[in-house]
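# Summary of structural features
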Number of protein chains: 2
Amino acid sequence: MAPVKVFGQAMSPNVARVLVFLEEAGADYELVDIDFQAKEHKSPDHLARNPFGQIPAFQDGHVVLFESRAIAKYVARKYKTDEADLLREGDLSEAAMVDVWTEVEAHTYSAALSPIVYERLIFPLMHGKPTDDKVVNESLEKLRKVLEVYEARLSKHRYLAGDFLSFADLNHFPYTFYFMATPHGALFESYPRVKAWWESIMSRPAIQKLSATMTP
Amino acid sequence: MAPVKVFGQAMSPNVARVLVFLEEAGADYELVDIDFQAKEHKSPDHLARNPFGQIPAFQDGHVVLFESRAIAKYVARKYKTDEADLLREGDLSEAAMVDVWTEVEAHTYSAALSPIVYERLIFPLMHGKPTDDKVVNESLEKLRKVLEVYEARLSKHRYLAGDFLSFADLNHFPYTFYFMATPHGALFESYPRVKAWWESIMSRPAIQKLSATMTP
């Protein structure tokens, strides 16, 4: 069977979000580079994959997808096993808890944490743009409140959706990985349950392997 | 069986996102008001439902949820029938297309359209804050590009995820409904496929019934 294709760079957090689930599944995949300098993301070939001209895009035979969270769910469903059922769609209440914490990642956690990654790493290193300290400080204040809620949640359950590793946990990996490379990574020290949860994610062989290709 | 409970006001777009799927299912539900002026959203009872103190929250027996998109999916799964299978989770590629266009709603469509709703309706009417024309104009420019992509998509398929009505389409209802009440609603006239798609959503009896309770 031909390997599935992921279009984009492992260094991009949204591409890495897809790769996490492929690595976790031990899936055979091909990473196809999209050259932004050559405007390949706006080429007809790429716009046929993603009409908004962004990465990642994904191809599995006739199935062509975009939007990292949608692709990641496709991968989680396709490679689902009894041992690795990351979405739990067969169980109404477990699936709902996976969805709740997946939405929290998108709309609350990453909304607070990712601006810090952009201001401290991506803008200065990739675009030569200086850090906006006001954005960083406001985001840190939001992030502390989010981490308090996570600390309480992870005091009750081993993982976000319950006592099972799920899509919701792994979905936190890419931005948190880069956040840890900013000068603010030590913030997690104040939240011992969150820190232990993050370390348990980082210790996974698939995550270790992927991390090595993402070093900022 | 006790009716499920939705905490919040029908006028809130994120509460309405949940009500759409309950109305479509013909489900028995109770809408429980959360009094923001009395800070009820920050009360221990409500924080036990949603640790971030927002609406909507949801209760179905022992299942307590927050995050509108997660609740909406729970409702779509719970009331799924052969005729109304809005998530298509039994079909790998159909489920993926539903996910793609659900993510587009959250991260691209509503990211462009909802600031216009906030600036033109919610901020002036609810908070006495004047409209920021710069935000409106920038958002309109983004929205035009998004609607071009939607027009192309809806020229190939009757609905966003394919030739079947799905979660992705109905999920567009709340913010679009309020957008239509702004002075910019006529923008949809320039995109005939999008306009026809929107009209087909608006003509649904469940949507008609819900709309009547949301009038700005």
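Keep in mind that this is a model prediction, so the values were computed, not measured.

Scoring rules and cut-offs
- Residues numbered from 1 in each chain as written.
- Chains lettered and ligands numbered in written order.
- Predicted model: local features only at pLDDT ≥ 70, side-chain atom pairs only at ≥ 80, totals over all residues.
- Heavy atoms only, no water.
- Phe/Tyr/Trp six-rings, centres within 6.5 Å; stacked < 30°, edge-to-face > 60°.
- Helix = DSSP H or I, 4+ residues; strand = E, 2+ residues; numbered from the N terminus.
- Buried < 20%, exposed > 50% of the residue type's maximum accessible area, 1.4 Å probe, protein only.
- Least-squares fit on C-alpha atoms with pLDDT ≥ 70 in both.
- Contact = heavy atoms within 4.5 Å.
- UniProt positions renumbered as here; feature names shortened; annotations may be inferred.
- Pairing = 2+ DSSP bridges.
- Axes fitted to C-alpha atoms, helices over the stretch in contact; angles between N-to-C directions.
- Buried area = accessible area lost by both parts, 1.4 Å probe.
- Salt bridge = Lys/Arg side-chain N within 4 Å of Asp/Glu carboxyl O.

## Some details on the packing of aromatic side chains
Residue and element names in this part refer to chain B. In total, this model carries 26 aromatic pairs over all chains according to the counting rule given. Ring centres of Phe58 and Tyr74 lie 5.5 Å apart, and the angle between their planes is 65°; on these two criteria the pair is classed as edge-to-face. One end of the pair, Phe58, is in strand E3 (residues 57-60); the other, Tyr74, is in helix H3 (residues 68-78), and 16 residues separate them in sequence. Judged by its relative accessible area of 0%, Phe58 is buried. The exposure class assigned to Tyr74 is buried, which follows from its relative accessible area of 2%.

## Describing the relation of the copies chain B and chain A
One copy of the chain maps onto the other through a rotation about an axis followed by a shift along the same axis. When chain B is fitted to chain A, the best match, at an RMSD of 0.0 Å, comes from turning it 180° and sliding it 0.0 Å along the axis. Read as a symmetry element, the transformation amounts to a two-fold axis. The position closest to the rotation axis in chain B is occupied by the C-alpha of B:Glu89, lying 3.9 Å away. Here 100% of the interface residues in chain B have copies in chain A that are interface residues too; the copies meet face to matching face.

## Observations regarding the UniProt feature "domain: GST N-terminal" (unreviewed entry) in chain A
The sites that UniProt annotates as "domain: GST N-terminal" (unreviewed entry) are residues 2-83 of chain A. Helix and strand shares over residues 2-83 of chain A are 37% and 20% respectively, and the end C-alpha atoms of the span are 25 Å apart.

## What about the sheet that holds E3(B)?
Whether parallel or antiparallel, the strands of a sheet pair through hydrogen bonds between backbone atoms. All names here are of chain B. On the basis of which strands lie adjacent, the open sheet formed by four strands has the order E2-E1-E3-E4 and mixed pairing. Looking along the sheet, the strands with just one partner apiece sit at the ends: strand E2 (29-32) and strand E4 (63-66). Looking at each pair of strands side by side, their axes are set apart by 20° on average, direction ignored. Note that strand E1 (residues 4-7) and E3 share three bridges and pair antiparallel. Each residue of the ladder has a partner; that of Lys5, found in E3, is Gln59.

## Side note on the interface of chain B and chain A
Every contact between the two is made by 30 residues of chain B and, on the other side, 30 residues of chain A. Carbon and sulfur atoms supply 71% of the area that chain B and chain A bury against each other, a total of about 2,800 Å² over both sides. The largest contributions to the chain B side of the interface with chain A come from B:Phe52, B:Arg77 and B:Leu92, which together make up 21% of the buried area. On inspection of chain B and its partner chain A, the count reaches two salt bridges.

## Digging into the sheet that holds strand E2 (residues 29-32) of chain A
Residues and elements named next belong to chain A. The strand order across the open sheet built from four strands is E2-E1-E3-E4, with neighbouring strands paired in mixed fashion. Of all the strands in the sheet, just E2 and strand E4 (63-66) have a single pairing partner and so form its edges. Neighbour to neighbour, the strand axes of the sheet diverge by 20° on average, direction disregarded. Pairing geometry for strand E3 (residues 57-60) and E4, over four bridges, is antiparallel. Looking at E4, one finds that Ala57 is bridged to Phe66.

## Details of the pattern of salt bridges
All names here are of chain A. The final tally for this structure, using the stated rule, is 24 salt bridges over all chains. Salt-bridge contacts for Glu105 lead to Arg17; the nearest nitrogen and oxygen are separated by 3.5 Å. Of the two residues, Glu105 is situated in helix H4 (residues 92-127) and Arg17 in helix H1 (residues 13-25); the sequence distance between them amounts to 88 residues. With a shortest N-O distance of 2.8 Å, Asp60 and Lys78 are connected by a salt bridge. One end of the pair, Asp60, is in strand E3; the other, Lys78, is in helix H3 (residues 68-78), and 18 residues separate them in sequence. Given the relative accessible area of 14%, Asp60 is considered buried. A relative accessible area of 26% places Lys78 in the partly exposed class. The network of salt bridges with shared partners includes Arg17, Arg69 and Glu105.

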